[in-house]
Amino acid sequence: MDAMLHISTSHYLVLGAALFLLGVIGVLTRRNVVIVLMSIELILNAVNLNLVAFSRLWGGLHGQVFSIFVITDAAAEAAVGLGILIAFFRNKETINVDEVNLLKW
Amino acid sequence: MMSVEYRMLFLEHIWLIPLLPAFGATLMFFFGRKLQKATVSAVCVGTIMLAFLLACGAVLQYTAWSSQPSHFHRPYQTVLYTWLGSDTGNLTYRLHDGSTAPFQADAGFLLDPLSSIWLLFVTGVGMLIHIYSMGYMAHEGGYYRFFGYLNLFMFSMLTLILANNYVLMFVGWEGVGLCSYLLIGFYFHRKSASDAANKAFIVNRIGDAGFLLGMFFIAWYFGSLRYTDVTRLAHGGHFAIGDPIITAATLLLFVGACGKSAQLPLYIWLPDAMEGPTPVSALIHAATMVTAGVYMVARSNALFVLAPKSMLVVAIVGALTAIFAASIGLVQNDIKRVLAYSTVSQLGYMFLALGVGAFAAGVFHVFTHAFFKALLFLGAGSVIHAMSGEQDMRNMGDLRKRIPVTYWTMLIATLAITGIPPFAGFVSKDEILWQTWTSEHGAYRVLWFVGYATALMTAFYMFRLVYLTFRGRPRMSHEVEHHIHESPTSMTAPLVVLAICSLFAGWLGWPHSLGGSDRFAQFLEPVFAREAQVFTEEGKAAQLAAGAKEEEHTSPTEYLLMFLSVAAAGVGFYMAGRAYGKAAKGYTEPIAVAAPPVYNTLLNKYYVDEGYDYAFTGRRKSGDVRLGVLGAGEASSWLDTNVIDGAVNGAGRITRLTATLSSWWDKWIIDGIGVNGPAIFARMLSYPARLFAWGLVQWYALVMTAGLVGFVFYYVYR
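Attention in this report is confined to the structure presented alongside it. These numbers were taken from a predicted model, which means no experiment stands behind them.

1. Focus on the interface of chain B and chain A
Item 1. Counting residues at the interface gives ten residues for chain B and 13 residues for chain A.
Item 2. Of the roughly 960 Å² buried between chain B and chain A, counting both surfaces, carbon and sulfur atoms make up 68%.
Item 3. Scanning the region where chain B abuts chain A turns up zero salt bridges.
Item 4. Our enumeration of links across chain B and chain A arrives at two residue pairs in polar contact (both at pLDDT 80 or more).
Item 5. Within the side of chain B that touches chain A, the residues separate by chemical class into six nonpolar, three polar and one charged.

What follows is the structure in structure tokens.
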């Protein structure tokens, strides 16, 4: 209980940074597009955590409102991303991201 | 005023008469293939019937119009527009005397007694033959094609007749030639038919060249090609009788007439033209088209009377053709060929009449001949129809009882052509012989004798045809005999109408000496009367047309000649009856018995075709029809293959060479340097930039992340 009261802003920031790092590594290393999309969600949530943490620190509401925008945006992004993914799967019978290479020269 | 305008309606719209068949022909050309036979007949026969009614209306109105004192006996002329040249007068050419004249030809129509007569019998006989064709062609392929050609022919013939100048007449003249070609070659899958069509077309071309040259002479000498202008100038007394240019022009026109009307030496195409369907032979090669030459000479009568030498040539050629063709007709065995030579011979009579200045008599013979010769051909068609296509009279006989309508109508036509009174041929032929006897104070009596001998031969070969076809013993095979049947009503009805005409048409020109009033000649007087005037002015009153009138009171001679020609017909009838009256299988020809060489010469048509082949075509021959002057020999053939075709091929090679060069230029210079060059350049420039895009999305993301990290470190720790 006491420990919880002393959760400071830096704790949030460390957690956010950890989540962000996990997300980036996931985006950069995983081949499955679904996992890549999930990793992008991780990154966005890390950002949300930062926004909410700073909002709590400075007492303004802008950060919290903005995080809701980001969640909405993430939902839209996931819908569009999954749509592209299905279209891609129909064409190539795979969801491997390194086979998405038609736009190279 | 209103009523007068109303009454002139037919005359003002006279252009409708040729246009109606043109409409029918156009319809057949574009849609005929898809139409039912009944529709085709309705359209094509309908247009001709309508044209006939319009023609009757127009002629009736013309007689009323021309009897008004304000335009007494003037031709009715209507010009639709200037067809050739310019109507502004800016386009001129130089005449023989250095003056200029506008270069101009109208699309104009002229109606006077002469064209009225042609108009009436062409549309009338044409209509009957169209009706007959509905029955005759009922079981043939290409029904719409046949009627389309027939309508096109009627259009051309009516243009020829109604034109108001030589140029438009020439259009019709060529048009009928084309239709003649198309219809002779109607059964084009038969080699002999297509050869005959070629022969007709090419021989006519020779005549047409003469006509064209004659026309150029007239244009150069008179400055106009309108009949009215030429006639007015010719009557004006500016030209001496025997003027060499006019003589040349008229002789050249007569060459054209020789081609179209099958006179010596260009008659050879007409007998072969019998390869066409029989209604065509009746319409084109007996009744109408072949009289176009007579029409043209009669139309140019004002010029011909100024050229007595030309007249003499016309008369001599006419008389010689008459007896020449009649003698060939004596021994021919093909029923249509007998009639073809008979046509040539009768055309010779017409030219004899024109040549001795008896223009009205010649035209009258054209008129009566149209009826009885069309009837003979249609009757022959009916016989052939009954005989399942057999044309050889040696295989006929005793058809009298089996096809009675055909027999009786053909008998009437035979009586008419042989000149037995009161049938039509008697009146017109006798008029010609009488005029020949009296003209030039009897200088042409040799020609009279030739004409008289021809009359005797005509009677013989015509009764020979009747005896061999309708009497004697049956000589056909049993199978054919079994199928003999009278033709359908659509074929017999025209026969009956034509038979009535053959009986009565002559009465229009019943001579004064037999109590008639010769109304036919009176009707034509406005066209021909002034010839007599010309000669009166020149102090040669007794000449030509006037000659007949002067000696009118010497009736005893006229009666004697009349009796002689009837007697000739009787003798011909008697001789034919004795020779062929009981002809059974394997009968003998009396001439063949009496003088075999003469018989062979006649049977082979005096070897004229062979002569022409030898002289002009390097003895070329294909099938039964000799090609006549087709090809004009080896030289022409060589010229064609080496010079004409060489020029064509040379032009082709040059085109191909240019095309190759052009293609090379396009491929390597335009496409290579102009189009592909910049593209290659751009590709080379873009090579380093392309290296960065190797296609792995996650590498792009890694680079982006690295860049981001790089920026963060830079801004945080600088």
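2. Brief notes about the packing of helix H2 (residues 9–29) of chain A against helix H31 (residues 697–717) of chain B
Item 1. Their axes nearest at 8 Å, the elements H2(A) and H31(B) cross at an angle of 145°. In this structure, H2(A) uses A:Val24, A:Val27, A:Leu28 and A:Thr29 to contact H31(B), whose residues at the interface are B:Gln698, B:Ala701, B:Leu702 and B:Thr705.
Item 2. Residues of the contact of H2(A) with H31(B), tallied by class, amount to five nonpolar, three polar and no charged.

3. Brief notes about the pairing of strand E4 (residues 104–111) of chain B
All names here are of chain B.
Item 1. Along E4, seven of the eight residues are buried, which leaves the element largely enclosed by surrounding structure.
Item 2. With eight bridges joining them, strand E1 (residues 76–85) and E4 adopt antiparallel strand pairing. Along E4, the bridge assignment pairs Thr78 with Phe109.

4. What to know about the pattern of salt bridges
Residue and element names in this part refer to chain B.
Item 1. Considering all chains together, one arrives at 15 salt bridges over all chains under this definition.
Item 2. A salt bridge links Asp106 to Arg226; its shortest N-O distance comes to 2.4 Å. You can see Asp106 sitting in strand E4 and its partner Arg226 sitting in the loop between helix H8 (191–222) and helix H9 (227–235), a full 120 residues away along the chain.
Item 3. Overall, Asp106 belongs to the buried group, its relative accessible area being 2%.
Item 4. Here Arg226 falls in the partly exposed class, since its relative accessible area comes to 27%.
Item 5. Asp208 is the partner of Arg205 in a salt bridge, and the nearest nitrogen-oxygen pair spans 2.5 Å. In this pair, Arg205 and Asp208 both sit in helix H8, three residues apart, roughly one turn of the helix.
Item 6. With relative accessibility at 31%, the residue Arg205 sits in the partly exposed group.
Item 7. What emerges from the salt-bridge pattern is a single network uniting Lys199, Asp272, Arg337 and Asp609.

What counts and what doesn't
Residues numbered from 1 in each chain as written. Chains lettered and ligands numbered in written order. Predicted model: local features only at pLDDT ≥ 70, side-chain atom pairs only at ≥ 80, totals over all residues. Heavy atoms only, no water. Contact = heavy atoms within 4.5 Å. Buried area = accessible area lost by both parts, 1.4 Å probe. Salt bridge = Lys/Arg side-chain N within 4 Å of Asp/Glu carboxyl O. Polar contact = N/O pair within 3.5 Å; in protein donor to acceptor, adjacent residues only side chain to side chain. Nonpolar A, V, L, I, M, F, W, Y, C, P; charged D, E, K, R; others polar. Axes fitted to C-alpha atoms, helices over the stretch in contact; angles between N-to-C directions. Helix = DSSP H or I, 4+ residues; strand = E, 2+ residues; numbered from the N terminus. Buried < 20%, exposed > 50% of the residue type's maximum accessible area, 1.4 Å probe, protein only. Pairing = 2+ DSSP bridges.

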